[in-house]
Amino acid sequence: MAKQSRISFDAYAMQICHTVALRATCRHRDQGAIIVKDRHIIATGYNGAPPRMKDCLELGYCSKAENLPCMAEGLHGESNALISAAKAGVEVKGATIYCIYSPCRSCCNMIATAGIAALVYEQVYDAFTEGPEYLRSLGVDTYVLRGDRRVIT
């Protein structure tokens, strides 16, 4: 039987976020993020330590699992995607960022300051549940992906 339909662009983008998250070096949470402009991926990012710093996988443990501060000083997927775009000289103003978890407060601030127009996420980040509302207050449209469709949050 011939193919009758295809997944939505939002579902496609979120599946790519899950693939990007497979590169994460954080033992606490796998976050993948992609920045999309005009339906083209312009940057990707995942949780991981800065260059030349040992990550959780190299350390062999996650200090957060023991209720201690992150010893790897990991960067979040959203910030790594923004940094990746900046390093490549890619304009993100007006773009959409897709990520598995809604952003933390610091990432929200970076997203809004960079001029990202919209966020599409799959799950609320439990350490900052007010993230989508906070991001909206900064002028960024926020949507949760429900199946194949985005829903305004």
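Each chain carries its own residue numbering, running from 1 in the direction its sequence is written. Residue-level local features of this predicted model are given only where pLDDT is at least 70; pairs of side-chain atoms are given and counted only at 80 or more, and the full residue set underlies all totals for whole chains, interfaces and linings. Each side-chain value is derived from all of the structure's non-hydrogen atoms; neither hydrogens nor water enter the calculation.

## Observations regarding the overall build of the chain
Helix numbering and strand numbering both begin at the N terminus, where a helix is a DSSP run of H or I of at least 4 residues and a strand a DSSP run of E of at least 2. Of regular secondary structure, the chain possesses five helices and six strands. For a compact globule the rule gives 2.2 Å times the number of residues to the power 0.38, and the radius of gyration it is set against comes from C-alpha atoms. The globule rule puts the C-alpha radius of gyration for 153 residues at 15 Å, and the 16 Å found for the chain is close to it. In terms of its C-alpha atoms, the chain occupies a principal-axis envelope of roughly 50 × 45 × 30 Å. By residue count, 43% of the 153 residues in the chain fall in the buried class. Any two residues whose heavy atoms approach within 4.5 Å at even a single point are treated as in contact. Here the contacts in the chain between residues at least 6 apart in sequence split such that 54% fall between residues at least 24 apart. Only four residue types enter the tally: Lys and Arg on the positive side, Asp and Glu on the negative side, with His and both chain ends excluded. By convention, charge coordinates are those of NZ in Lys, CZ in Arg, CG in Asp, or CD in Glu. Taking the average location of the 17 positive side-chain charges in the chain and that of its 15 negative ones, the two points are 5 Å from each other. A 1.4 Å probe rolled over the protein chains alone gives each residue an accessible area, and that area as a share of the maximum for its type sets the label: buried under 20%, exposed over 50%, partly exposed in between.

## What to know about the pairing of strand β3 (residues 96-101)
Counting buried positions along β3 yields six of six residues, so the element is predominantly enclosed. DSSP-based pairing: two strands are paired if at least 2 bridges between them are found. Alignment of β3 against strand β4 (residues 118-123), held across five bridges, turns out to be parallel. Residue pairing for β4: Y98 is matched across the bridge by V120.

## Let's talk about the sheet that holds strand β2 (residues 40-46)
As summarised here, the arrangement of the six strands in space is β2-β1-β3-β4-β5-β6, forming an open sheet in which the pairing is mixed. Of all the strands in the sheet, the pair left with one neighbour each is β2 and β6 (149-152). Geometrically, the sheet is characterised by an average inter-axis angle of 25° between neighbouring strands, direction not taken into account. Working convention: axes come from line fits to C-alpha atoms, limited for helices to the stretch in contact. Angles between N-to-C directions cover 0 to 180 degrees. Contacting β1 (32-37), β2, β3, β4, β5 (141-146) and β6, helix α1 (residues 9-21) crosses the sheet at an angle of about 60° to β3. The strands that helix α3 (residues 77-88) touches are β1, β2 and β3; relative to β2, the one it contacts most, it runs at about 130°.

## Details of α3
A rise of 1.5 Å per residue sets the reference length of α3, with its twelve residues, at 16 Å; its end C-alpha atoms lie 17 Å apart and thus fit the reference within 8%. Listed as buried for α3 are G77, E78, S79, N80, A81, L82 and A85. Of the surrounding elements, those touching the buried residues of α3 are β1, β2, β3 and α4 (105-114). In this analysis, the expected span of each helix is defined as 1.5 Å times one less than the number of residues it contains.

## Remarks on the pairing of β5
In regular strands, side chains alternate between the two faces of the sheet. Relative to β5, β4 is paired through four bridges, and the arrangement is parallel. What sits directly across from L119, in β5, is T142. On the question of chirality, the crossover connecting β4 to the parallel β5 by way of helix α5 (residues 131-137) is right-handed. Strand direction decides the pairing type here: β5 and β6, joined by four bridges, are antiparallel. If you follow R146 over to β6, its bridge partner there is R149. Adjacent in sequence and paired antiparallel, β5 and β6 are bridged by two residues, among which G147 carries a positive phi angle near 70°. Orienting the strands away from the viewer, one traces the path from the first strand over the helix to the second; a clockwise path indicates a right-handed crossover.

## Focus: α4
Residues C107, C108 and I111 constitute the buried set of α4. Take α4 and look down its axis: the buried residues cluster within an arc of 105°, on one side only. Contacts made by the buried residues of α4 are with α3, β3 and α5. Arc definition: directions from the helix axis to the C-beta atoms.

## Re the side chain of S102
Along the chain, the position of S102 falls in the loop between β3 and α4. Whenever two N or O atoms come within 3.5 Å, that pair is a polar contact, provided that in protein one can donate a hydrogen and the other can accept it, and provided that, for residues adjacent in sequence, both atoms are side-chain atoms. Reaching out from S102, the side chain makes a polar contact with the backbone nitrogen of Y125 at a distance of 2.9 Å. Apart from the residues within four sequence positions on either side, S102 is in contact with E78, Y121, Q123, V124, Y125 and P132.

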